[in-house]
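# Inside the fold
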Amino acid sequence: MNTAGHSKAITKLLLHLHPNKVDAQSIKFTRTFGLGGIAALLFVMLFISGMLLRFAYVPSVKGAYDSIIELENQVLFGQLLRNLHYWSGMALVLVSFLHVLRVFYTQSIYHERRKNWIYGLLIMFLVVFSNFTGYLLPWDQLSFWAVTIMTNMLSYIPFVGDAIADMVRGGDEVTEITLLRFYHFHTGLLPLLMVFLMSVHFWLVRKSKGVTVQNSDEKVLVPTYPNLVFKEILVALIVIIVLFILSMIINAPLQGKADPLISPNPSKAPWYFMGFQELLLHIHPGFGIFIIPLLVTVFLVYIPFVKYTDLNVGVWFNSNKGKKLTIISVVYALVLTLLVILSSEFFLDLRNWMPQVPLLISTGLLLLLLYLVPAAAFLYFLKSKYNASKIDLMMAMFTIIIVAYVVMTIVGSLFRGEGMHLFA
Ligand code: HEM
């Protein structure tokens, strides 16, 4: 095939993914930061490295840990392969999260993109669940106790919690049945579901005529190849190089073989669940594991279905005012969350101050109100002082939730030591 033939073949192949011409605005790096594409690339890296890892891994209590040691020490590039899979998995959680922030703050979740927001939320759930099921597989102390903590948390869901926890573990403790269950989820069902949902996700992006761009009078179309494709290749190369360098420098963690009789102190959940673990140190589990996540999920699903009058699709933070209010919200949520964490840790003792009141009220509802009342007052302040519109207020609420979770994740991961005490 001559050069023209080659380029025709490439263009044909790419047409499955992109239209042959794209809006010049949409391929600016700052429009998406390439985050969706990077997530897709990470998924492919995970798929390939995961398939290779399966040749070495033995999914049994007796064999799992030793097979990882053997992979690391006896197999050519075994350690590198494990590291690549580990770092790609962690990066996918982070990049998907940043991608959610990007689509949210550029108002890319409204009108014909609503459906894709819902599919996206499902994908986010699968990304985290895939990472979590993989976490157990090395069967070392870190993974065993992290999964023990997380599955114990599930039991706090009212009425059905124990049943769900038992179903996930295949019994009332983490055993070989759990390991097998997680293995099959991690290497079978979850990747399959993700491929399906991601295909729908990409198809819906195409159906909405690509990523969102600001409304403008003169629309300039440029050929996808080479304009967009070269940029994509460049970003992909950078991501692959960074992953390889990271994997050559920092090994995926591996502690001693899992011992169900000795729990490390502190026992921590994986970092992306540390926000929950931190929350549970303060609030009643019925609220921490069930009511709050339920409220947040309903809120996230509901956002694109509200009617807004001043929606500027494709504009970062909707307007300059929106940007300013978002920054104020970040600062407010940061201070409020830290204040509530510190006062609950060192000062508030609602359980003993009101022993006659049911715990669900004293350490649950009251503590939640302690956060929600100042948050509501803040929204009122934004409305009266800055004349915030509905979309501004939605962004402020979303920002408060995100900042609260990030702060709890950082506090739980970095500032808690023995006995999960702060600054220990
Ligand atoms: C493995 C995870 C994911 C992959 C591979 C992925 C991939 C992509 C790609 C390639 C695009 C188009 C380019 C871009 O916007 O960067 C996109 C757009 C989009 N994604 Fe995702 N995504 C993932 C997760 C999510 C999640 C978790 C959400 C939301 C909860 C989401 C919501 C959206 C929406 C609403 C759009 C349309 C944005 C627009 O039209 O500007 N995605 N995604």
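Residues numbered from 1 in each chain as written. Predicted model: local features only at pLDDT ≥ 70, side-chain atom pairs only at ≥ 80, totals over all residues. Heavy atoms only, no water.

### A look at the overall build of the protein chain
Test applied: Secondary structure elements are taken from DSSP: a helix is a run of H or I of four residues or more, a strand is a run of E of two residues or more, and numbering for both begins at the N terminus. In this setup the radius of gyration rests on C-alpha atoms only. A globule is expected at 2.2 Å times the number of residues raised to 0.38. The buried label applies to any residue whose accessible area, calculated with a 1.4 Å probe on protein chains only, is under 20% of its type's maximum; exposed applies above 50%, and partly exposed to all values in between. Note on contacts: a residue pair is in contact if any heavy atoms of the two residues lie within 4.5 Å. Surface accessibility in these figures is a Shrake-Rupley result with a 1.4 Å probe; residues are shielded only by whichever protein chains are displayed. In this tally, Lys and Arg are treated as positive and Asp and Glu as negative; His is ignored, and so are the chain termini. By convention, the charge on Lys lies at NZ, on Arg at CZ, on Asp at CG and on Glu at CD.
Each helix and strand counted, the protein chain has 16 helices and two strands in total. Over its C-alpha atoms the protein chain spans a radius of gyration of 24 Å, differing by no more than 12% from the 22 Å that the globule rule assigns to 424 residues. Expressed along its principal axes, the backbone C-alpha trace of the protein chain runs to roughly 75 × 65 × 35 Å. Within the protein chain, buried positions represent 46% of all 424 residues. A separation threshold of at least 6 residues defines the contact pool for the protein chain, and within that pool the share at least 24 residues apart is 82%. For the protein chain, the computed accessible surface area is about 22700 Å², with 71% contributed by carbon and sulfur atoms. Side chains of the protein chain carry 30 positive and 21 negative charges; the gap between the two charge centres is 16 Å.

### Comments concerning the environment of K209
By the secondary structure assignment, K209 is in the loop between helix 9 (176-207) and strand 2 (221-223). A C-alpha to C-alpha distance of 18 Å links K209 and H99, two positions 110 residues apart in sequence.

### Here we look at the packing of aromatic side chains
Short version of the rule: Side-chain rings of Phe, Tyr and Trp (the six-membered ring for Trp) are treated as a pair once their centres are within 6.5 Å; stacked means planes under 30 degrees apart, edge-to-face means over 60, and tilted covers the remaining angles.
This structure, assessed with the given rule, holds 28 aromatic pairs. By the ring-pair criterion, three or more aromatic residues cluster together here, those being F29, F33, F104, Y105, W117, W316, F317 and F398.

### Section: helix 10 (residues 224-249)
For clarity, the threshold we go by: Helix span, expected: 1.5 Å multiplied by one less than the number of residues in the helix.
Its 26 residues place the ends of helix 10 36 Å apart at the C-alpha level, agreeing with the 38 Å of an ideal helix rising 1.5 Å per residue. Those residues of helix 10 that fall on the buried side of the exposure criterion are T224, L228, V229, V239, L243 and S247.

### A short note on the site of the ligand
Stated precisely, the cut-off is as follows: Each residue is tested against the molecule or strand, and it is near if at least one of its non-hydrogen atoms lies within 4 Å. Pairing of N or O atoms within 3.5 Å defines a polar contact, subject to two protein rules: one partner must be a possible hydrogen donor and the other a possible acceptor, and residues neighboring in sequence count only if both atoms are side-chain atoms. Just so you know the grouping, Ala, Val, Leu, Ile, Met, Phe, Trp, Tyr, Cys and Pro go in nonpolar, Asp, Glu, Lys and Arg go in charged, and all remaining residues, Gly too, go in polar.
Neighbouring the ligand are 25 residues, the closest being H99, R102, R113, H201 and T212. For the ligand, an oxygen atom lies 3.1 Å from a polar atom in the backbone of G36. Interatomic distance of 2.5 Å between a side-chain N/O atom of R113 and an oxygen atom of the ligand. Mapped by element, the contributors of at least two residues to the shell around the ligand are helix 3 (35-53), helix 5 (78-105), helix 6 (114-136) and helix 9. Broken down by element, the shell around the ligand gets its largest block of residues, six residues, from helix 6. Grouping the constituent residues of the shell around the ligand by class yields twelve nonpolar, eleven polar and two charged.

### With respect to the domain arrangement of the protein chain
Frequently, the measure chosen for interface size is the accessible area that the parts lose on association. Heads up, the rule is: Bear in mind that the domain bounds are from an automatic or database domain assignment. Summed over both partners, the accessible area lost on bringing two parts together, with a 1.4 Å probe, is the buried area.
Assigned domains within the protein chain: domain 1 (18-256) and domain 2 (313-424). A straight line from the C-alpha centre of domain 1 to that of domain 2 covers 28 Å. Taken together, the contact pairs 16 residues of domain 1 with 14 residues of domain 2. Contact between domain 1 and domain 2 buries roughly 1300 Å² in total, counting both sides, with carbon and sulfur atoms accounting for 71%.

### Here's the deal with the side chain of Q79
Looking at the element boundaries, Q79 is found in helix 5. The contact partners of Q79, leaving out residues within four places of it in the chain, are L71, E72, N251 and A252.

### Comments concerning the packing of helix 6 against helix 9
The criterion, for reference: Note on method: axes are straight lines fitted to C-alpha atoms, helices fitted across the in-contact stretch only, with angles between N-to-C directions ranging 0 to 180 degrees. Note on angle classes: values under 35 degrees are labelled roughly parallel, values over 145 roughly antiparallel, values of 65 to 115 roughly perpendicular, and the remainder oblique. In this scheme, a crossing is called left-handed if the near helix is turned counterclockwise away from the far one by less than a right angle; it is called right-handed if the turn is clockwise.
Between helix 6 and helix 9, whose axes approach to 9 Å, the crossing angle comes to 155°. As summarised for this structure, helix 6 and helix 9 are arranged roughly antiparallel, according to the angle between their axes. As helix 6 packs across helix 9, the resulting crossing turns out to be left-handed. Among the residues making up the contact of helix 6 with helix 9, the classes are represented as 19 nonpolar, eight polar and one charged.

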